[in-house]
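# Close look at the chain arrangement
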Amino acid sequence: MTISLAEDVKTVDDLKKRPEAILRQIHETGRPVVITVDGKPDVVILDAATYELKLQAANLARLLAEGEASVRAGRTRPAEEVFEELLRGQEKVPG
């Protein structure tokens, strides 16, 4: 995700005076807006869909890291063994 320092950094006063314009900018550009307080970055505002995608990506990264750690620790089994176990489990399920 890119950010334009010229367009996407706003002051808290900008947010107070023109909140609708800032929200419109976020939706139109798809970029987050950084709100500064006393000249320092304080918060980042982004649209809900982008936030949700970021959460999903972070969750996926966490799960992948856990899996990679298991592989490094040697906590693995051959795929054939797992598939055979799954197939045996299906044979026991009535239906």
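Before reading further, recall that the structure is shown in the block above.
From a predicted model like this one, the values you see are computed outputs, not experimental measurements.

About the criteria used
Residues numbered from 1 in each chain as written. Predicted model: local features only at pLDDT ≥ 70, side-chain atom pairs only at ≥ 80, totals over all residues. Heavy atoms only, no water. Buried < 20%, exposed > 50% of the residue type's maximum accessible area, 1.4 Å probe, protein only. Helix = DSSP H or I, 4+ residues; strand = E, 2+ residues; numbered from the N terminus. Pairing = 2+ DSSP bridges. Arc of directions from axis to C-beta. Salt bridge = Lys/Arg side-chain N within 4 Å of Asp/Glu carboxyl O. Axes fitted to C-alpha atoms, helices over the stretch in contact; angles between N-to-C directions. Expected span 1.5 Å × (residues − 1). Polar contact = N/O pair within 3.5 Å; in protein donor to acceptor, adjacent residues only side chain to side chain.

### Focus: the pairing of strand β3 (residues 40-45)
In terms of burial, β3 is a largely surface element, zero of the six residues being buried. Here strand β2 (residues 33-37) runs beside β3; their pairing, made up of five bridges, is antiparallel. Directly across from V34, in β3, lies its bridge partner V44. Linking β2 back to β3 in an antiparallel pair, the connection comprises two residues, with D38 at a positive phi of about 55 degrees.

### As for helix α2 (residues 19-29)
Among all positions of α2, only I22, Q25 and I26 are buried. When α2 is viewed along its axis, its buried side chains cluster within an angular range of 100 degrees and face the same direction. Those residues of α2 that are exposed and angled more than 90 degrees off the buried face are E20, H27 and E28. Remark: G30 follows α2 within two positions and exhibits a positive phi of approximately 75 degrees.

### A closer look at the pattern of salt bridges
Per the stated rule, a full pass over the model turns up five salt bridges. Across the pair R31 and E7 runs a salt bridge, and its minimum N-O distance is 2.7 Å. Linking R31 in the loop between α2 and β2 with E7 in the segment before β1 (9-11), this pair joins segments that are 24 residues apart in sequence. What makes R31 buried here is its relative accessible area of 19%. A salt bridge links R77 to E85; its shortest N-O distance comes to 3.0 Å. When its relative accessible area of 42% is taken as the criterion, R77 is described as partly exposed. Linked by salt bridges that have partners in common, E7, D8 and R31 make up one network.

### Some thoughts on the sheet that holds β2
If you walk across this open sheet you meet the three strands as β1-β2-β3, and the pairing is mixed. A strand with exactly one partner marks an edge of an open sheet, and here the two such strands are β1 and β3. Sheet twist, expressed as the mean angle between neighbouring strand axes with direction ignored, is 35 degrees. Two elements, β1 and β2, share three bridges in a ladder whose sense is parallel. Pairing of V9 across the sheet is with V34, part of β2.

### Brief notes about helix α3 (residues 48-72)
The end-to-end C-alpha distance of α3 is 36 Å, a good match for the 36 Å that 25 residues give at a rise of 1.5 Å each. Two or three places before A49, at the opening of α3, D47 has a side-chain oxygen 3.2 Å from that residue's backbone nitrogen.

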